[in-house]
Structure formats: structure tokens, C-alpha cells
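Tertiary structure, described
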Amino acid sequence: MAAAPSGLSTPVPGSGSPGAVAVWEWQDEFGKWRPYQGSVCSYIEQSFQASQQKGKRLGPGPANNSIPLGHADAMLAPYVIDIPSLMQFRQDTGTMRAVRRHLFPQDSAAGQGVIWEWQNDEGGWSPYEMNVCVFLEQAYASGHQHVDLGPVGYNYDVNLVSQVQTNKTTLYRRSIQRRLDTPYPVTAATGPLHTGMACSCQQCLLNSGTGPITTRYRHSINLPSSSAVPQVSSRTTAVSSSGLGFVPYNKPALSGSRSAPRLNTHGAWALPQPASTGGPSTGGPSTGQPASNGVSVPNLPVVMPKSSKVNQALAGWWKSLMATVMDPAAASTEPELVVRKYLEELKDAPADEDCIICMEKLASPSGYSDAYECKIIRPETVGRLAKCQHTFHLLCVLAMYTNGNKDGSLQCPSCKAIYGEKTGTQPKGKMEVSTFPRSLPGHEDCGTIQIVYHISRGIQGPEHPNPGMPYTARGFPRYCYLPDNEKGKKVLELLKVAWKRRLIFTVGTSSTTGESNTVVWNEIHHKTEMDSNLSGHGYPDPNYLDNVLAELAAQGVTEDCLRP
């Protein structure tokens, strides 16, 4: 079999090429690139060109070098792309991921809307990165029957006739498919065009998806030795709730308290369903009339958003304030009180520092002042977080908080320090723990701890992406393994804390199947294989326990939580 399909031409920009299309991709936790959908790419490219050519603002919040993805898809409301650093920033959690922009010939797979996908372990289809799609389409159009993906950084042979992908090391086989989708946006060919083969341009060398995760990520992850496409299954890994560039916006709970988890007679940690709450009435804003529960709702010092510029990152603010008045127990999580609790107001803003939330100078008003006016927090007010001393516009922190879970906690978007107790949106379920004497590879001196997570399908609550809609729970029960030694036991106790705080799972879009409104892992990685580590989700893995401790700490779950 040839190392690469022969006879594949390389179009040269400016030599009769029919044009170029722009594809924007984000890098997942495995170091692989995932393309945004065509409609989102079109918005990103349009905003990028506007910022390059006119230097004008792109929206009500971010400055001219930032692109708020919520304008393209409401599900992406928390996300902003910072152009100078080529990073995607999630405002409610502080998670940062690299992004890249590649130009492809207009007659390539990207320009024609051709997507090549591989079948994952759950039976769904996951797209290859666009460079691989273009490479496969070239071979397909040229009549080649076999393709070696080595030149584009993957350890696979592909049979285009039987549509099967084979791992050259393990000989594991997967189905692939070719389908048509929306073409990517046409743009001016101002740079080198990518034609499917491994590229040597500076951006590709710096951001190659075949190497290890770079230090810009907040998690340190032990990757498989192979550069193959990650083989992810419903029982193989704790992946982010990120879909293929479409991470649902987890709407926060409006009011109500959460019942404490309990330990049942079988040693299972059972998580009760969050208390149901009655939200605000469906009528217009209150003008001081009594609410349905008899509590008088006063006028609030908030001016509703200007009709011409509604920033999606502040969606739900009014409902939150209404719920606070109707439920006095929610007062401790009222957005403005939380912001004031953790940030100290500064008299003089640093002259040369930027607010990393809105990308404006701290000496200038908040970028979110165009969307909302608040009589309590002025747009120019600047505050400093007490522990980490990082400085932001108070209005920007308010926007970040109201876009999150609104649980009374804040997470610094710069250093990820957590203020208060962070909770998540995990559906109800139970966590079972048992031990057995069999050892895990790399931990032959001890037995094994087995964790089994049980979550059933149900109806989404007010804190989930689509309240009132059903959610699915694929692949449960899920089995996970830890070494039964001192460090493994510590990880277990911290996972119990994370479970009680609803941090291990969430409702979102599956990164393997693309299914929305389903239960997915929530950035705390688990080992779900005992006897091998072919997919990177088993043993041996000498760095795993340290990595998961760091991931737990990033969620605010540390050894301090275990102290009486």
C-alpha cells in the first residue's frame, strides 16, 4: 500500500485556483482539531474580516479583537474567541482552548461541503479534522481504493471501497462515511491553501493536532502514545461536555434549595432530585404588584436591555432577580451580592491593564455596558478578587456569573481560583463503590476500587440547556476504576464530594455522537478500562492520579473538603 495517494495535485494560490474557503477549528482535550459547523464558521469569518478591515466593534460586549459565538448560535453564548491569541474562552468556567483558521481551495471538500466521518463506539459519527477530510476527498475523487493517513498525522489505513478505517498498530476496524453538508464560507486567498497533505506553515507546526497538549490548557492529560483518532465509547472516558464546537449553554437554576445527598444501605451515594421551584410568572416585568405566592415584588433597579443590542451572555438576569425576590432563600446567590462579596472595589483602575472578560482597558467602561445598564454597578467600576488579586470590571464579572450556574460561587477567569463552593448541573442518580483483589496494570501492589455511576433519562430542570425537555442517558451504568492504594482512596473520597456537588456529569451535547440533550462527562476524567490503555482511558497510566487530582482542584474539590 502506498504511503500516500499518488497523483494528488497541490493547487497553488494565484495560479488559476478557483478561490478559497475558511475553516475555523477548536482543539479538544486530546489535542485533535474539531471544525465548527459551517454556519458558525461563516459568522466567525465575517467577524474576523470586519475586525481586520475596519477595526470596529463586533458586538455589545467584546472589543474589536473578540468574537462572541453566541451571536451565531445561542447554545454558544458563553464562548468568545480572542483573535490575537487564537484562543476560545468560556466565560462561565474560564476554560480556554486553542482555535485555528485554515484556508482550503474552493473546489476542496471544505468548499463542496463534503464531510468524512468515523463511527464511534456509541454508534454515532464523528468528523475528521478538515485537513483529513480534504485528503480523503482527494483520494476518493482520484479513484484510489486505499489511503494511508500517516501523512496527515494518523496511524490509520482507510479502505475507500469498503469504507473501513483500520488502526495499523492494533488492527482495530471502524466504519467511515462520506456525506454532504453546508459548504464553508468563501474568502479571499490571502495565505497558503491547505490541500490535505501535512502542512509546514507556522500555524500548523505550532498547533499540530498530533502532538501533546500544550501548556495553555488548564488540565494536564496523559495522552495515548498513538496519534490516532481517539476511540471513545460510552464507557471509556470522561470527556468535556463540548460537542463539535456546539457546547450547550447550561442555564442556571432560578431558585430553590438542593437536598443533601445520602448514603443508602448498599453503600451507594444517592443524589436527590433538585427541589422543584415555581419560577416567575409569564407576564411582563413586575411593577410592584403581588406575585402568585402573595409576596410583593418591588421595582428593581435594573434597566432592561436595549432592544437593538441584547447580549446573550446576560440572558436570564431578569429571571434570576425575580426569583431572588420570590424566594428569600436565594438571596445569597443574588448576582450583584455575589460579585460584591468576592471583589473589592478599586478607586483607581490600572491604566494599562485589560479586562480579560470584555478585552477592554480597565480604565475604560465595561464592554457589557452597551447591552445593560445597572444603577447599582456602574460600567466603569473595577474590582479585585480577594485571594488571587486579579482585576476586572464588576459588570463583566456580573455578566460571567449570571451566565453560569448562579450557585453563589465565582471562578476567576484568569487563574481559575474558586470563591465559595462550586456546584454543577448533574442529574439525579447514584454512585456505587466496591473493591476487589485484582490489580490494575501499573499498580500490582494493591487491589482495585470499582465505581459504578447510575443515571437514568429524565426531564431537564431550570439549570439545564432546555428546561422541560427530556434528556437521554446513554451508556449507563458506567464502570470506572482506581487503584486501591492511599492516593487512589483519596481520589475516591474527592470524587464522592464532586458527586455530591453535581460536578461529574452534566446535560449537554455528546462529543462522540453529536447528540444533544444527553448526559455527558464534565471535565473530570475517569479510567474506564482495566486491562489496557489503547484508547488512553485505561491503565497503566503513571500520571493519571495526579492529573485527576488537578482536575478536581480546578472544580474546587481539594483535600480541604475532606476535613471536618
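Residues numbered from 1 in each chain as written. Predicted model: local features only at pLDDT ≥ 70, side-chain atom pairs only at ≥ 80, totals over all residues. Heavy atoms only, no water.

Per an unreviewed UniProt entry, the chain goes by the name E3 ubiquitin-protein ligase and belongs to Alligator sinensis. What UniProt records for the chain under Sequence similarities (unreviewed entry) is the sentence "Belongs to the Deltex family." Taken directly from UniProt, the Pathway (unreviewed entry) text for the chain runs: "Protein modification; protein ubiquitination." (UniProt positions renumbered as here; feature names shortened; annotations may be inferred.)

Moving on: the environment of Leu-103. Inspection of the secondary structure assignment puts Leu-103 in strand β6 (residues 96-105). Distance in space between the C-alpha atoms of Leu-103 and Val-21 is 5.5 Å, their sequence separation being 82 residues. (Helix = DSSP H or I, 4+ residues; strand = E, 2+ residues; numbered from the N terminus.)

Pro-335, Glu-336, Val-338, Val-339 and Tyr-342 are the residues of helix α6 (residues 335-342) that are buried. All buried residues of α6 project into a common sector of 160 degrees when viewed along the axis, lining one side. (Buried < 20%, exposed > 50% of the residue type's maximum accessible area, 1.4 Å probe, protein only. Arc of directions from axis to C-beta.)

Another aspect to go through is the environment of Thr-435. Inspection of the secondary structure puts Thr-435 in strand β23 (residues 429-436). Residues Thr-435 and Gly-447 lie 12 residues apart in sequence; the distance between their C-alpha atoms is 7.2 Å. If sequence neighbours within four positions are ignored, Thr-435 has contacts with Thr-448, Ile-449 and Asp-484. (Contact = heavy atoms within 4.5 Å.)

Moving on to the nonpolar core. If you look at soluble globular proteins, the nonpolar side chains tend to sit buried side by side. Counting 41 residues, the largest nonpolar core has Tyr-36, Tyr-128, Met-130, Leu-136 and Leu-149 as its most contacted members. Within the residue set of this core, elements represented by two or more residues are β1 (20-27), α1 (38-53), β4 (79-82), β6, α2 (109-112), β7 (114-119), α3 (130-141) and β10 (156-159). Among the elements that make up this core, the one with the highest residue count is α3 (7 residues). Those residues in contact with Met-130 that lie beyond four places of it in its chain are Val-23, Glu-25, Phe-104, Ala-110, Ile-115 and Tyr-184. (Core = buried A, V, L, I, M, F, W, Y, C linked by side-chain atoms within 4.5 Å.)

This paragraph deals with the side chain of Asn-155. Mapped onto the elements of the fold, Asn-155 is located in the loop between β9 (146-148) and β10. A residue is classified by how much of its surface remains accessible, and Asn-155, at 18% relative accessible area, is buried. A polar contact is formed between the side chain of Asn-155 and the side chain of Asn-167, at a distance of 3.4 Å. (Polar contact = N/O pair within 3.5 Å; in protein donor to acceptor, adjacent residues only side chain to side chain.)

An α-helical segment advances 3.6 residues per turn. Residues three or four places apart therefore align on the same side. In this model α1 runs 22 Å from its N-terminal to its C-terminal C-alpha over 16 residues, within 8% of the 22 Å that 1.5 Å per residue would give. Within α1, burial applies to Gly-38, Val-40, Cys-41, Tyr-43, Ile-44, Glu-45, Ser-47, Phe-48, Ala-50 and Ser-51. Elements that come into contact with the buried residues of α1 comprise β1, β3 (66-68), β4, β6 and β13 (186-187). (Expected span 1.5 Å × (residues − 1).)

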